[in-house]
Amino acid sequence: MKKNIVLIFTRNPELGKVKSRLAKGVGQENALEIYKKLLSHTKDVVSTLNCTKRVGYSVKVRDNDMWDNAIFEKFQQEGEDLGVRMYNAFEKAFADGYDNVLIVGSDLYDLRASHINEAFDALHSNDAVIGPAQDGGYYLLGMNKLVKDVFYNKEWGGDTVLAGTMNDLAMAKVHQLETLNDIDFAEDLKPYAEFAQYLQ
């Protein structure tokens, strides 16, 4: 049995510190509420998976929060930007003996366990797997050996991240998942009845 691990990066859900672009459209308090719902959705999806689950905190590890210590390992993200923080988390997972390492975003209401299971399956016959996001980034990245370049020289949060990452993986065999909608702006909420109240 190959050892699989999924990493989830989260921001500590505090007023004024999450979803700044979304907050411009719906206000700080609503943005925090929406982010908590997205975190809860991610937690529910990942909880069903048969693999190690590791949550990386942006500011400080919390013990008594929505991420049950019995299900989720917890760690503090380390590094000066998102790429370095992801690289460090991937490097640690490989050093811990995991064969297949995935990271998923925590702001996707369309994320399903099937996406993550497909990604792990793909790594049996591919070097890497990526889940493109509609905004030009990605919502999932996985690999079975560390490719350092994908974590550097990116404008994180920009619309060139996916293209740059695919360029870095040009020599690798890469499986692409379906494209999903990242929730970054108020208009990204429109497809979901669950968020209609925030668009009044």
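Everything in this summary refers to the structure shown in the same document. From a predicted model like this one, the values you see are computed outputs, not experimental measurements.

This brings us to the pattern of salt bridges. A side chain with one charge may pair with a side chain of the opposite charge, provided their charged atoms come close. Counted according to the given criterion, the structure contains 12 salt bridges. Residues D107 and K19 are paired through a salt bridge, measuring 2.8 Å at the closest nitrogen-oxygen approach. Taken together, the positions of D107 in the loop between β4 (100-104) and α4 (113-122) and K19 in the loop between β1 (4-10) and α1 (20-26) put the pair 88 residues apart, joining distant regions of the chain. On the accessibility criterion, D107 (15% relative accessible area) is buried. The exposure class of K19 is buried, given its relative accessible area of 12%.

On the basis of which strands lie adjacent, the open sheet formed by seven strands has the order β3-β2-β1-β4-β6-β5-β7 and mixed pairing. Either end of the sheet is taken by a strand with one partner, and the two such strands are β3 (73-76) and β7 (174-176). Averaged over all pairs of adjacent strands, the angle between strand axes in this sheet comes to 20°, irrespective of strand direction. With five bridges joining them, β1 and β4 adopt parallel strand pairing. Looking at β4, one finds that N4 is bridged to N100. Strand contacts of helix α3 (residues 82-95): β1, β2 (52-57), β3, β4 and β6 (138-143), with the helix running at about 155° to β1, the strand carrying the most contacts.

Now for the pairing of β2. In terms of burial, β2 is largely enclosed, as six of its six residues are buried. The pairing of β1 with β2 spans six bridges and is classified as parallel. Bridging from a neighbouring strand, T10 pairs with Y57 of β2. By the bridge criterion, four bridges tie β2 to β3 in an arrangement that is parallel. What sits directly across from R54, in β3, is E73.

Definitions and cut-offs
Residues numbered from 1 in each chain as written. Predicted model: local features only at pLDDT ≥ 70, side-chain atom pairs only at ≥ 80, totals over all residues. Heavy atoms only, no water. Salt bridge = Lys/Arg side-chain N within 4 Å of Asp/Glu carboxyl O. Helix = DSSP H or I, 4+ residues; strand = E, 2+ residues; numbered from the N terminus. Buried < 20%, exposed > 50% of the residue type's maximum accessible area, 1.4 Å probe, protein only. Pairing = 2+ DSSP bridges. Axes fitted to C-alpha atoms, helices over the stretch in contact; angles between N-to-C directions. Contact = heavy atoms within 4.5 Å.

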